[in-house]
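Architecture at a glance
The lines below spell out each chain.
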Amino acid sequence: MSFVIAQVPVPSVEVAGTDARFPVRRIYCIGRNYHAHRIEMGHDDPEPPFFFSKAGDSLLPSGSNFPYPPQTENLHHEIELVVAMEKGGKDIAAEDALDCIYGYAVGIDMTRRDLQSYAKEHGRPWEAAKTFDHAAPISAIRPASEIGHPGSGRIWLAVNGEVKQDGDLDMQMWNVQEGISHLSKAFEVMPGDLIYTGTPAGVGKVIVGDVITGGIDGIGEIEITVV
Ligand code: MN
């Protein structure tokens, strides 16, 4: 097959301990998956999980400079557990979901919060707030074959060494298997999909010069510098 322009590269993520990489199809994100973050965003009503997307080419490897994006004066960090899917399906039962996972990474759902607030107020989509260039920093993936399926463990983020977010995976309202099950009712989950599974409380603003670090026990750490 030939293409009329140069073929577009497939986004991919480093896999810890190997030169091989994980090819990425879609990036799904779960909204408001930790109760305390839901409260800090002004919502306390129970509701099923909801999803939004980031473009695959918005991934940024840990250790990179993060270019401060245009059109925002309120750029926020959201530290998140990321799930990398090896298998997919429709209507995946929660008890079958862990078998579909290749591995786990540490991600940051970077958010132009002022554009998100404007979108919410005006009934507009979240794209501009969530899927701008470099909006999905991510660590290397750790295979589940090596680390298992962490259902608990500290998840934290610091700005210039000061801890801002400090939670535990067991505080998720919908755990990983429940999240995959819900997602697969709305979309056919496919190999290569990443799922950013929501952030604990403590999201906040970052500015040029900030060094953002974070980690999840048993999975790894991430670091980016806002430039
Ligand atoms: Mn998020």
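Now for a look at the structure at hand. These numbers were taken from a predicted model, which means no experiment stands behind them.

1. A look at the overall build of the protein chain
- The helix and strand inventory of the protein chain stands at six helices and 18 strands.
- Taken over C-alpha atoms, the radius of gyration comes to 17 Å for the protein chain, in line with the 17 Å a tight globule of 227 residues would show.
- The principal-axis extent of the C-alpha atoms belonging to the protein chain is close to 45 × 40 × 35 Å.
- A fraction of 76% describes how many contacts in the protein chain between residues 6 or more apart in sequence connect residues 24 or more apart.
- As displayed, the protein chain has an accessible area near 10600 Å², and 51% of this comes from carbon and sulfur atoms.
- Side-chain charges of the protein chain comprise 18 positive and 32 negative groups, with the mean position of each set lying 5 Å from the other.

2. What about the coordination of the manganese ion?
- In the first shell of the manganese ion, the protein supplies Glu78 (OE), Glu80 (OE) and Asp109 (OD), at 2.0 to 2.2 Å from the metal.
- As a motif over one chain, the donors of the manganese ion read E-x1-E-x28-D. Here Glu80, found in strand β8 (residues 79-85), pairs with Asp109, found in the loop between β9 (101-108) and β10 (111-112); they are 29 residues apart in sequence, far enough to count as distant. There is no split in this pair, since Glu80 and Asp109 are both buried.

3. What about the layout of surface pockets?
- Each pocket or cavity is described by its volume, and for the largest pocket that value is around 220 Å³.
- Considering the residues around the largest pocket, the lining is formed by 14 residues, among which Ser12, Val13, Arg21, Leu60 and Pro61 are closest to the centre.
- Elements with a minimum of two residues in the lining of the largest pocket: β1 (12-14) and β5 (59-61).
- In terms of residue class, the lining of the largest pocket is made up of seven nonpolar, four polar and three charged.

4. Observations regarding the sheet that holds strand β13 (residues 154-159)
- Strand order in the open sheet formed by five strands is β6-β18-β17-β13-β14, with mixed pairing between adjacent strands. A single partner strand is all that each edge strand has here, and the edge strands are β6 (65-66) and β14 (162-168).
- Here strand β17 (residues 211-216) pairs with strand β18 (residues 220-226) via six bridges, running antiparallel. Paired with Thr213 across the two strands is Glu223, which belongs to β18.

5. Some points on the environment of Pro67
- Along the chain, the position of Pro67 falls in the loop between β6 and β7 (75-77).
- Separated by 160 residues in sequence, Pro67 and Val227 have C-alpha atoms that sit 5.0 Å apart.
- Those residues in contact with Pro67 that lie beyond four places of it in its chain are His134 and Val227.

6. Remarks on the pattern of salt bridges
- Considering all chains together, one arrives at seven salt bridges under this definition.
- Each of the salt bridges in this network shares a partner with another, and the network as a whole consists of Lys54, Glu78, Asp109, Arg113 and Lys130.

7. Here's the deal with the sheet that holds β10
- The strand order β10-β7-β16 describes an open sheet built from three strands, whose pairing is antiparallel. Each having just a single partner strand, β10 and β16 (204-206) make up the two edges of the open sheet.

8. A few points about empty space enclosed by the protein
- Scanning the entire structure with this criterion turns up one cavity of 30 Å³ or more.
- Lining the largest cavity are 16 residues, with Gly31, Arg32, His37, Glu78 and Lys130 positioned closest to its centre.
- Broken down by secondary-structure element, the contributors of at least two residues to the lining of the largest cavity are β3 (27-31) and α3 (113-122).
- Looking at which element gives the most residues to the lining of the largest cavity, the answer is α3, with three residues.

9. Focus on the packing of aromatic side chains
- Tallied over the full model, the rule gives four aromatic pairs.
- Through pairs of rings, three or more aromatic residues link up here, namely Phe50, Phe52 and Trp126.

10. Focus: the environment of Ser12
- Note that Ser12 resides in strand β1.
- The residues touching Ser12, leaving out its near neighbours within four places in the chain, are Arg21, Phe22, Pro23, Val24 and Leu59.
- For Ser12, the side chain forms a polar contact with the side chain of Arg21, separated by 2.7 Å.

What counts and how
Residues numbered from 1 in each chain as written. Predicted model: local features only at pLDDT ≥ 70, side-chain atom pairs only at ≥ 80, totals over all residues. Heavy atoms only, no water. Helix = DSSP H or I, 4+ residues; strand = E, 2+ residues; numbered from the N terminus. Rg over C-alpha atoms; globule rule 2.2 N^0.38 Å. Contact = heavy atoms within 4.5 Å. Areas by Shrake-Rupley, 256 points an atom, 1.4 Å probe, with all protein chains shown as cover. Lys, Arg positive; Asp, Glu negative; His and termini not counted. Charge placed at Lys NZ, Arg CZ, Asp CG, Glu CD. Donors = N, O, S within 2.8 Å, 3.2 Å for Na, K, Ca; no water. Buried < 20%, exposed > 50% of the residue type's maximum accessible area, 1.4 Å probe, protein only. 1 Å grid on protein atoms, 1.4 Å probe; cavity = no way out; pocket = protein on both sides within 12 Å on 5 of 7 lines; lining within 4 Å. Points joined across faces, edges and corners; volume = space filled by probe spheres on them. Nonpolar A, V, L, I, M, F, W, Y, C, P; charged D, E, K, R; others polar. Pairing = 2+ DSSP bridges. Salt bridge = Lys/Arg side-chain N within 4 Å of Asp/Glu carboxyl O. Phe/Tyr/Trp six-rings, centres within 6.5 Å; stacked < 30°, edge-to-face > 60°. Polar contact = N/O pair within 3.5 Å; in protein donor to acceptor, adjacent residues only side chain to side chain.

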